[in-house]
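So you can see what is in the structure, the chains are spelled out below.
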4 protein chains.
Amino acid sequence: MKKIGILSSGGDCSGMNATIRSAVRTALRMNMEIVGFRKGYLGLMKGDCFTLDSKVVSGILHRGGTFLQSARSPEFRTPEGQQKALAMLKELGVEGLVVLGGDGSLSGALALHRLGFPVIGIPCSIDNDIPFTDMALGVDTALNNIIYAVDCIKDTASSHARAFVIEVMGRNSGYLASVSAIATGAEFALVPEREFDLAEICQQLRARYEEGRDNAIIILAEGVGNGQTIADSIKDAIGFETRVTVLGHYQRGGAPTVFDRLLGSRFGKKAVELLISGQQGLMVGLSCNAILATPLADVIKGEKRPQDEVLRLAEVLGI
Amino acid sequence: MKKIGILSSGGDCSGMNATIRSAVRTALRMNMEIVGFRKGYLGLMKGDCFTLDSKVVSGILHRGGTFLQSARSPEFRTPEGQQKALAMLKELGVEGLVVLGGDGSLSGALALHRLGFPVIGIPCSIDNDIPFTDMALGVDTALNNIIYAVDCIKDTASSHARAFVIEVMGRNSGYLASVSAIATGAEFALVPEREFDLAEICQQLRARYEEGRDNAIIILAEGVGNGQTIADSIKDAIGFETRVTVLGHYQRGGAPTVFDRLLGSRFGKKAVELLISGQQGLMVGLSCNAILATPLADVIKGEKRPQDEVLRLAEVLGI
Amino acid sequence: MKKIGILSSGGDCSGMNATIRSAVRTALRMNMEIVGFRKGYLGLMKGDCFTLDSKVVSGILHRGGTFLQSARSPEFRTPEGQQKALAMLKELGVEGLVVLGGDGSLSGALALHRLGFPVIGIPCSIDNDIPFTDMALGVDTALNNIIYAVDCIKDTASSHARAFVIEVMGRNSGYLASVSAIATGAEFALVPEREFDLAEICQQLRARYEEGRDNAIIILAEGVGNGQTIADSIKDAIGFETRVTVLGHYQRGGAPTVFDRLLGSRFGKKAVELLISGQQGLMVGLSCNAILATPLADVIKGEKRPQDEVLRLAEVLGI
Amino acid sequence: MKKIGILSSGGDCSGMNATIRSAVRTALRMNMEIVGFRKGYLGLMKGDCFTLDSKVVSGILHRGGTFLQSARSPEFRTPEGQQKALAMLKELGVEGLVVLGGDGSLSGALALHRLGFPVIGIPCSIDNDIPFTDMALGVDTALNNIIYAVDCIKDTASSHARAFVIEVMGRNSGYLASVSAIATGAEFALVPEREFDLAEICQQLRARYEEGRDNAIIILAEGVGNGQTIADSIKDAIGFETRVTVLGHYQRGGAPTVFDRLLGSRFGKKAVELLISGQQGLMVGLSCNAILATPLADVIKGEKRPQDEVLRLAEVLGI
């Protein structure tokens, strides 16, 4: 193998730059050429790429997002799009590919692998919903962004007699909501993995209120319910003012934490080493502090859910 | 004067604790007793207060919000409410009052003053909409909170071909929007002080886009327009994905910046000194680096608007 | 068991408050009384303690240090000191004890256990030098503090032609130095686990310099060598200005990260549950994302060293 | 004027990039070419420069340091060095120059002005020791860096019975020390503008200690005394452990605050406007919220000292 490529696809997250830098430095040490495709599979199909050297990846380690840019590409999901990409890789002389992304992007990587092209995936998703890795890239930074904002909102909540419903990301996963609730001392975390009874929650909040605790934070996982509806119910039940804040894309970016810089650095190095050693069709993952590889096919079939312990802990430490 | 009181009213902001601490330490040095009323004028009318000593205000300087809590009180706006407060102050032996708050709270302070009670106001409002002070307390911290979030969102915006409309607080003032746009390199700041033409903005964004700049940040002052409507117009005009983020109450809290800790410390000390020296019916304010006092009556009649230079600068440095 | 105690001992770290809060809330849910001893074993011997309820531990989750305070106590290392503590525990009716601390504090816990008193240890040490836990409490926050400072210093280093030698904590462990070097893109990490040849480092720095890279960051683990001597050698060898910064106690404090808040919350809950279930003489630890317990005797005999992979990664990603 | 130059000289500070970006954007709007010299006067003498366009200054606003790099140049202090620079400016067709730097750099600017070359200075110095500007660029960011570290250290100090002597930058100015002492609630600020009696300080610390306050923070302005000597005296006098931390170059860097981004943006714009309007030999400065210009000759002759009010406030709010 003389030349490999790398791309980031789907939603961006903090740590992607650290990952790319590590992959590039590892490839260069092994005397391999490495090119970066712009905007994920979109750039791959168009051959929109450039050579990555030591200088290009200098000064990016601590920056959020991905300097290769990312995009979603419906075309690449079609067999025609995938053939186009394969032809382009051949034309460019690229013999292996590292793909950073979430489950959609990893499905794309699996498609290329099934067409016989050597590819290694790297799990990137702030939702922490990718199986076969204890943590996906970007989760730790997103969590720390969340608690920074929630800590600020708590100052306001406790200065007034107010409840706040704060919606965090997570798609179908309650991981961000559960962990940030534990980490901020929120009263409730409403997550897709556990049913909840809004009436009972209001009753518990009222009981707290009668004990003199006149403010509360409820962390709501995106998709579990409408923040405003929940806020209105709380206001009706208890009477104190309730506000809704949707944290939004702020959660995704910012300088990566140590955890994500280290994880990305380990992922990037391992992915390139696997390609060079002739392995393919795998996703790297963190498992008990080691970086292991799992067949992409298993990843796509699998499902990840937050540890029960974490879900329970959110309840125990709450109200 | 043997005993004075202090309260925080209206929307909370970072730096209130530093202000209260400084007022308490100044009063104690001058051998004066000082009590804190809980929840603003609400606590004042009920006589819900406690003695503030050195220990009570230790460890609060760097914390957001107000440990005296705040509230809005419609009752205090009535003559009956004000008489109730006066009676309570008399009963408690409190001879002077320091009020932290925005324009509503300062109107309340003026009412007490007109009834003959010695009162000094301290301008607190993240919107920076209080006249006769260059900066109100809490503005600098709010601005730094805003840019932290916008810097994060920029990472995401520039990783994708995306525009973001980010709504910041400010009520009738474009100060937060203008300054944060300058400070984050946003393409546009939409503020109440300047009319804007959405069609023209879209045209300029399209021109940028054709030059290859495929992401943009638009800072929207609260109340100027609907974020989603603006986002939809941009999407229609240019075609790239546009997202809306409403920063919300996150802007209010968090550890105060140096500026707000220093400003609060100066305000608190000055307010107590004025009361002791027999002055009243004034608001302290920052004017050319000095702490000056202005009659509350002038403050309530006055109006503050962002410097033209700042508004223009936001335009020059934008697109 | 009706009543248990908790104390923090040795060097403080971020996350101790989260741990204590979780232990208290867990104990209260199980209808057990819990008291906190002030200043570690010092307070234990003197019986300087107070009842911990829900209110006392409210608002501390996000604060650095330990509100129970900590101290080192030579007296407690003696059999007399330990008997004094036992007698005091009996007098107070305390039937079990949770000890937060590093290896010295855990040795103390083991001593109490050997005297027949039920005790559970919680590993707290920013150095990450305690065996039988993947991470000790406080490490993640310390690392994030370190990279915040190093990122700042890099701005200055790259604005000038300068090398910086930055000394981080770690006692006999190179963990903080290795990981922070990876996470900040430092050129070298000098750690106790690996010998290094200063002459060769200077030669490599000179080679870099001749390629036009005129600044460098060297992370030095405390105790490995004298920062100024190393800086002088670099200056002599390459000729560019070299500065030394000792990060010091800044590394210990500050608001804990999500990781440390979650870890502390899990540790605190588990420690109390173990005591209640009649287990003792154990230390809780993080092992493959689960909280497990290990005999304190094994912990004290054991040794922890950074993973080889991390040490190598620091080298690969460096110069 | 068709073409101007810009350079940063002396110690770097946060906000330089925002300033350069603003100068470039202002020049481009006025259809003027602008070049950046690398490494200050060093690059000026060598003609080491490149054209600055919109793209080059994109993405730098929020980054610390200066992407033009800085350096100290003894050669430029000689008449020969200055003639060399003039000849180079002529050769390059550069007709005006913007200089970012502290007093040494501004003296260099004045020298060029006296030789007839149009030059405008911008005051950059985290020490806030440049007269005719209320604040120099970089001061606000440095202060916020300082309090972040001191807040962390306070967590540790209050967890143990400990005093910390924390040395901050400032050369001959006590501004950073005074303001950061106020902003962190430090017990003492030791500054060059006020004599202090170490014996008396120890006595006051002992009195506090006897009241039960067993920790203290002393902020020491660089150059006022030896941190370790002061720490030893305190330890001898009171008996509790005392640690020294020298914050060092960490203070200089990091993402600039809103204040420094705004100030830099205003300075950069004004400097270019002055050059274009034919004015020269001036330094821009912040005066009562407006950007004014002062002859460089007055700046170099002048002296700045912290406001007495600030120095006194540090004392009042301290012990």
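It should be emphasised that the depicted structure is a prediction, and the values quoted were computed from it without experimental measurement. (Residues numbered from 1 in each chain as written. Chains lettered and ligands numbered in written order. Predicted model: local features only at pLDDT ≥ 70, side-chain atom pairs only at ≥ 80, totals over all residues. Heavy atoms only, no water.)

The next thing to look at is the overall build of chain A. Within chain A, the secondary structure is distributed over eleven helices and eleven strands. Relative to the 2.2 N^0.38 estimate, which gives 20 Å for 319 residues, the radius of gyration of chain A is 22 Å and therefore close to what a compact globule would have. Each principal axis of the C-alpha atoms in chain A carries an extent, and together these give about 70 × 35 × 35 Å. Partitioning the intrachain contacts of chain A with sequence separation of at least 6 by distance along the chain shows that 75% fall at a separation of at least 24. Just so you have it, chain A exposes about 10,900 Å², and 48% of that area is on carbon and sulfur atoms. Computed over 33 positive and 35 negative side-chain charges, the inter-centroid distance for chain A is 9 Å. (Helix = DSSP H or I, 4+ residues; strand = E, 2+ residues; numbered from the N terminus. Rg over C-alpha atoms; globule rule 2.2 N^0.38 Å. Contact = heavy atoms within 4.5 Å. Areas by Shrake-Rupley, 256 points an atom, 1.4 Å probe, with all protein chains shown as cover. Lys, Arg positive; Asp, Glu negative; His and termini not counted. Charge placed at Lys NZ, Arg CZ, Asp CG, Glu CD.)

Here we come to the side chain of C:Asn128. All names here are of chain C. With respect to the helices and strands, Asn128 occurs in the loop between strand E5 (119-123) and helix H5 (139-159). What makes Asn128 buried here is its relative accessible area of 3%. Within the local environment of Asn128, its side chain forms a polar contact with the backbone nitrogen of Ala136, the two atoms lying 3.0 Å apart. Non-local contacts of Asn128, meaning those with residues more than four positions away in its chain, are made with Asp134, Met135, Ala136, Val139, Ser173, Tyr175 and Lys304. (Buried < 20%, exposed > 50% of the residue type's maximum accessible area, 1.4 Å probe, protein only. Polar contact = N/O pair within 3.5 Å; in protein donor to acceptor, adjacent residues only side chain to side chain.)

This part is about the interface of chain C and chain A. Taken together, the 37 residues of chain C in the interface contact 37 residues of chain A. Each partner contributes to the roughly 3,500 Å² buried at the junction of chain C and chain A, and carbon and sulfur atoms together form 55% of this total. Of all residues in chain C, C:Arg29, C:Val258 and C:Leu317 bury the most surface against chain A, accounting for 17% of the area lost on that side. There are four salt bridges connecting chain C and chain A. (Buried area = accessible area lost by both parts, 1.4 Å probe. Salt bridge = Lys/Arg side-chain N within 4 Å of Asp/Glu carboxyl O.)

In this section: the sheet that holds strand E10 (residues 282-287) of chain C. Residue and element names in this part refer to chain C. Strands sit in the order E3-E2-E1-E4-E5-E10-E11 across an open sheet of seven strands; the sheet is mixed. The sheet terminates laterally at strand E3 (49-51) and strand E11 (290-295), the two strands that pair on one side only. Neighbouring strand axes in the sheet, compared pairwise and without regard to direction, differ in orientation by 25° on average. Two elements, E5 and E10, share two bridges in a ladder whose sense is parallel. (Pairing = 2+ DSSP bridges. Axes fitted to C-alpha atoms, helices over the stretch in contact; angles between N-to-C directions.)

Under the defined criterion, the tally for this structure stands at 16 aromatic pairs over all chains. Measuring from centroid to centroid gives 4.9 Å for A:Tyr148 and B:Tyr148, while their planes differ by 45°, and the two rings are tilted. Residue A:Tyr148 is found in helix H5 (residues 139-159), and its partner B:Tyr148 is found in helix H5 (residues 139-159); the two belong to separate chains. (Phe/Tyr/Trp six-rings, centres within 6.5 Å; stacked < 30°, edge-to-face > 60°.)

To go from the first copy of the chain to the second, apply a rotation about an axis and then a shift along the same axis. The two copies are related by a screw motion: chain C maps onto chain A through a turn of 180° and a shift of 0.0 Å along the axis, at an RMSD of 0.0 Å. Such a combination of rotation and displacement between the chain copies is what one expects of a two-fold axis. Among all C-alpha atoms of chain C, that of C:Cys288 lies closest to the rotation axis, at 2.1 Å. Taken together, the interface assignments show that 100% of the residues at the interface of chain C recur at the interface of chain A, consistent with an identical surface on both copies. (Least-squares fit on C-alpha atoms with pLDDT ≥ 70 in both.)

Here we take up the pairing of strand E6 (residues 162-168) of chain B. Residues and elements named next belong to chain B. Of all seven residues in E6, seven are buried, a share of seventy percent or more. Because side chains alternate across E6, one face comprises the buried residues Arg162, Phe164, Ile166 and Val168, and the other comprises Ala163, Val165 and Glu167, equally buried. By the bridge criterion, six bridges tie E6 to strand E9 (residues 241-246) in an arrangement that is parallel. Each residue of the ladder has a partner; that of Ala163, found in E9, is Thr242. As paired elements, E6 and strand E8 (residues 216-221) share six bridges and run parallel to each other. Residue pairing across strands places Glu167 opposite Leu220, the latter belonging to E8.

It is worth spelling out the sheet that holds strand E2 (residues 33-37) of chain A at this point. Residue and element names in this part refer to chain A. A sheet is described by the order of its strands in space; here seven strands give the open sequence E3-E2-E1-E4-E5-E10-E11, paired in mixed fashion. The open sheet has two edge strands, strand E3 (49-51) and strand E11 (290-295), and neither has a second partner. In this sheet, neighbouring strand axes are inclined to one another by 25° on average, regardless of whether the strands run parallel or antiparallel. Across three bridges, E2 lies against E3 in antiparallel orientation. In the sheet register, Gly36 faces E3, and the bridge partner there is Phe50. This element, helix H9 (residues 258-276), spans strand E1 (3-8), strand E4 (96-101), strand E5 (119-123), strand E10 (282-287) and E11 of the sheet and lies at about 140° to E10.

Here we take up the packing of helix H6 (residues 175-184) of chain D against helix H11 (residues 308-317) of chain D. All names here are of chain D. Running from N to C, H6 and H11 point in directions that differ by 40°, and their axes come no closer than 9 Å. For the pair H6 and H11, the crossing hand works out as left-handed. Note on element contacts: H11 touches H6 through Val310, Leu311, Leu313, Ala314 and Leu317, opposite Ser178, Val179 and Ile182. Classifying every residue of the contact of H6 with H11 by side-chain character gives seven nonpolar, one polar and no charged. (Left-handed = near helix turned anticlockwise from the far one by under 90°. Nonpolar A, V, L, I, M, F, W, Y, C, P; charged D, E, K, R; others polar.)

Right, let's get into the UniProt feature "binding site: ADP" (unreviewed entry) in chain A. All names here are of chain A. The positions UniProt marks with the feature "binding site: ADP" (unreviewed entry) are Arg21, Ser22, Ala23, Val24, Arg25, Lys154, Gly185, Ala186 and Glu187. Judged by maximum C-alpha separation, these annotated positions cover 167 residues in sequence and are scattered in space, the widest gap reaching 45.3 Å. Position of Val24 relative to the elements: it lies in helix H1 (residues 16-29). Residue Val24 is classed as buried on the basis of its relative accessible area of 0%. Not counting the four nearest positions on each side in its chain, Val24 is found in contact with Ile34, Leu52, Asp53 and Val57. Looking at the element boundaries, Ala186 is found in the loop between helix H6 (175-184) and strand E7 (188-190). (UniProt positions renumbered as here; feature names shortened; annotations may be inferred.)

With that settled, the discussion passes to the side chain of B:Ser105. Within the secondary structure layout, B:Ser105 lies in helix H4 (residues 103-114). Aside from chain neighbours lying at most four places away, what touches B:Ser105 is B:Ser9, B:Gly10, B:Tyr41 and B:Val99.

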